Structures are given as C-alpha cells and as structure tokens.
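Take a look at the letters that make up each chain.
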Amino acid sequence: MGGITAYGFLALAARALGPERYAPLSSLWALTFNVAPGLFLPLEQQVGRHVAHGLAGGQGSRSTLHRAVVLGLGMLALLLAVLLLARPWLDVQIFDDYRILSFALGLSLCGYASEHLLKGIFLGTGRFAAYGVLVGSEGVARLAICAVLFVAGNDDPGAYGLAFAAGPVFASLLLAGKARVEHGASTASWTEMSAALFYLLAGSLCAQTLVNGGPLAVKLLATPAQSEQAGRFLVALVVARVPLFMFQAVQASLLSRLATLSGAGLRDDFVTVVTGLLRFVFALGMIAIAAAYFIGPTLVRAFFGAEFALSGAGLAVLAAAVVAFMGAIVLAQVLVALSGYVRLMLGWLLGVVVFVGACLLPGSVVPRVERAFLAGCLAACFGLLGFAWGALSRRDPSPGEAAAVALPEALDR
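Everything numeric here is computed off the predicted structure, so don't read it as measured data.

Some details on the packing of helix α11 (residues 312–337) against helix α12 (residues 341–359)
At a minimum axis separation of 8 Å, α11 and α12 run at an interaxial angle of 160 degrees. Relative to α12, the element α11 is oriented roughly antiparallel. Remark: the crossing between α11 and α12 carries left-handed chirality. Side by side, α11 and α12 meet where Phe325, Ala328, Ile329, Ala332, Leu335 and Val336 of the first sit next to Tyr341, Arg343, Leu344 and Trp348 of the second. When the residues that make up the contact of α11 with α12 are grouped by side-chain class, the tally is nine nonpolar, no polar and one charged.

This is the structure in structure tokens:
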C-alpha cells in the first residue's frame, strides 16, 4: 500500500507541476528521505531489536523505550536547529525560492521521528498489522490531499510539499495510542544505546545518501538550463525502485526475526533465513531489470506524462542499482542483529565514497549519476557481504548476547 500511494502521489504531482516546477518538490522528497530515515531508522532498529530480544529472554523493555524517546527528541531538536540555520541556502539553492518547502521539510522530519519510533515498537512486539496500518495510513493521507489539489487544478509546489509532509504526521497521530511495551528494566544502559546509535546513525545516513542522493546530485551538478533534470531523474528512480517498495513488507519483519534467532542461539536457522532472502532478492532483481528495460519507458509516459520520457537503458541501470541496494539491506540487517555496528557503518560508507567519486567523473549529468548510483550500491553490497561473512564466521549468535554492545566492545570490532 505504501508503495502504491507513493507512486500515486508522485504521478499526480508530476502531471500537475510539469518538469520544472516538479524539480523543487523532487528535492524535498530526496532530502527528506536522506535525512529522516538516516537519522531515525537507527532509533527504529534499536527499539525493535531491544524489544524483540527482551521478549525472547523474558525481560521488560519499558526503560529501553524511555531512553529511545529521549535520544530521539534530542536528535530531532538538533536537526531542526540545523534546518533553521540552513534555511536561507535551502530556499534558494534547493527549493527554487518556494520557501514553504523548508517548512514542509521540518514538519515531515517531526512526523518521521515519531513514525520510526512507533515502527520499532510494533516490529519488536510482533504487531505487524499495526505496522502495516501505520505505513499505509501515511501514504493514503498524502495521496488523498494530493488528489484534492490535483482536481482543484493547483500547480503550486508548496501545496504539494505540505501534502507530502502531512502523511507521517497523520499516521503517527492515528497509531500513537497503540504503542505499548512490557514493563520492566532493560539490559541496555545509556552508554550502550548511545554507542550503538552512533554507529547505526552514521551507517544509516550513508545508506540514505546512497539511495536518495541521486536527485540532489543531479540538482547540484546540472546547469541552470538543465534545471528540470532533477525531476526527470526522480521519476526514473521512482520507477526503478518498484522492487524496493515491494521489499518493504519483507524488510519490516527481517530484523525482528533475526534478532529472535540470535537471542535463541539458532545459528543454522539464522543463516537459512539470510541465504533464502538473498536468493529471493536476486530472482526479483532479474525480473525488475528486464521489466525496467522493456516496459519502464511506457510506464513513465503513462503515469507521469510524455514530458518525462526516459530510456529503457537508463532505467535498467537504476533497477540494477536498486537490486544491489536491496541485497545490501539484507546484509546490513544481519550485522545489526549480530551487533556488528562498526562493520555496518564501514560498508555503507564505502558505497557513498564510490558514489561521490563516480559522480565527479566527466560525462553527461544524468547518465553519470546513474552509473555512480550503480557503482555505489555494488560497492556497499559486496563490502557488507564481506563484513557479514566475517561476523558469522567469528562467532555464533548466543542466547545470552546483549541487545546492544558497549562502546569499547564496538570499537574492538
């Protein structure tokens, strides 16, 4: 549902705005999904892992939640302060003087901070129905407002930006009352949680930069005469990321499953789950690459309009990058479940370094960023594969393993 509504929102907005006015909205989309998951996905992962691990060991998790809320509010406050300082630059360089988009960015960050915290609670307690309603209601609310704007003939990027930000705020308010965890103390101290969050935060920011940085890279590298290229690239990326939207349903339960197997010491089952999922990603990816090449251009014209016409070859390159990114996600979840936070950070950092380096090579802007995206995702995938293999080879998941590691132990790894 989340993927379908996301495509519906972007398709309606693209038709209402056209390539040039769509470019600042695409920048809002890319910047939000760079920053929000990058900062708050680690919070979701920590909460989900601690709660699931605590339930497997018969422990409570209320104190873990309290600590996560305090850390999350601190990160959000710092982020909003940075946004306020950077607003003059964002308004001109990123949002093309549509100043309301800076407000929409701040509002969306508030919504996603609370939404990721709720996701962690629902995943850790195995309440996947509530998780699904949370994700689905975000997209439905966003698409409903967008549809009203489209029917009314509104062509202001700011209005669509506010519609975009309303989604996570509405979903969080709708599901906040269902956030319940077991009473009791957690084995994780403030030091352990903050140390783990630091490495998860760094890794998550790198991952989101890699997967969402393309439109921003095009925006920054394009000349004024090529200002519409960022909007075109976002359309291409959205089409190529269809498998990633489908994969979200699997990804949502993966960490909880791996953390439970780790806590129970079931190494063989742990490896079986991971290898089976990697085979699934490969099979789905081959289908996605072929579909992007042969029918992707037709889908773009049908949903986004002839102004956004794209080549099958470019779409296939982006689809291949998305497949590699999906494989990297699986391997990253392995490292989170095994407390390999430093390795996770290094794997995603490798991908970003390769992506940025490839973007600086000579060539036309859009093909260059497409190739850079593929190179970065492949680098991250193979880097994380090596780190995950090393983590599994060095030790088995043990029943008594702590839900997070202290800073000295993390540094030793």
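Some points on the pattern of salt bridges
Across all of its chains, the model carries six salt bridges by this definition. Where Arg87 meets Asp91, a salt bridge forms, and the shortest distance between an N and an O atom there is 3.5 Å. Taken together, the residues Arg87 and Asp91, both in helix α2 (residues 62–94) and four residues apart, mark about one turn of the helix. When its relative accessible area of 32% is taken as the criterion, Arg87 is described as partly exposed. In this structure Asp91 comes out as buried when scored by relative accessible area, which is 3%. Two residues, Asp97 and Arg99, come together in a salt bridge whose shortest N-O distance is 3.6 Å.

Brief notes about α12
The end-to-end C-alpha distance of α12, which contains 19 residues, comes to 27 Å, matching closely the 27 Å that a straight helix rising 1.5 Å per residue would cover. When α12 is considered as a whole, its buried residues turn out to be Tyr341, Val342, Arg343, Leu344, Met345, Gly347, Trp348, Gly351, Val352, Phe355, Ala358 and Cys359.

As for a nonpolar patch on the surface
Residues Tyr293, Phe294, Ile295, Leu299 and Phe303 make up a contiguous nonpolar surface patch of about 540 Å² in total accessible area. Elements with a contribution of two residues or more to the nonpolar patch: α9 (267–294) and α10 (296–304). Summarising the element assignment, Ile295 is placed in the loop between α9 and α10.

What counts, and at which threshold
Residues numbered from 1 in each chain as written. Predicted model: local features only at pLDDT ≥ 70, side-chain atom pairs only at ≥ 80, totals over all residues. Heavy atoms only, no water. Axes fitted to C-alpha atoms, helices over the stretch in contact; angles between N-to-C directions. Helix = DSSP H or I, 4+ residues; strand = E, 2+ residues; numbered from the N terminus. Parallel < 35°, antiparallel > 145°, perpendicular 65-115°, else oblique. Left-handed = near helix turned anticlockwise from the far one by under 90°. Contact = heavy atoms within 4.5 Å. Nonpolar A, V, L, I, M, F, W, Y, C, P; charged D, E, K, R; others polar. Salt bridge = Lys/Arg side-chain N within 4 Å of Asp/Glu carboxyl O. Buried < 20%, exposed > 50% of the residue type's maximum accessible area, 1.4 Å probe, protein only. Expected span 1.5 Å × (residues − 1). Patch = residues over 30% accessible without salt bridge, like charges linked within 9 Å, V, L, I, M, F, W, Y side chains within 5 Å. Areas by Shrake-Rupley, 256 points an atom, 1.4 Å probe, with all protein chains shown as cover.

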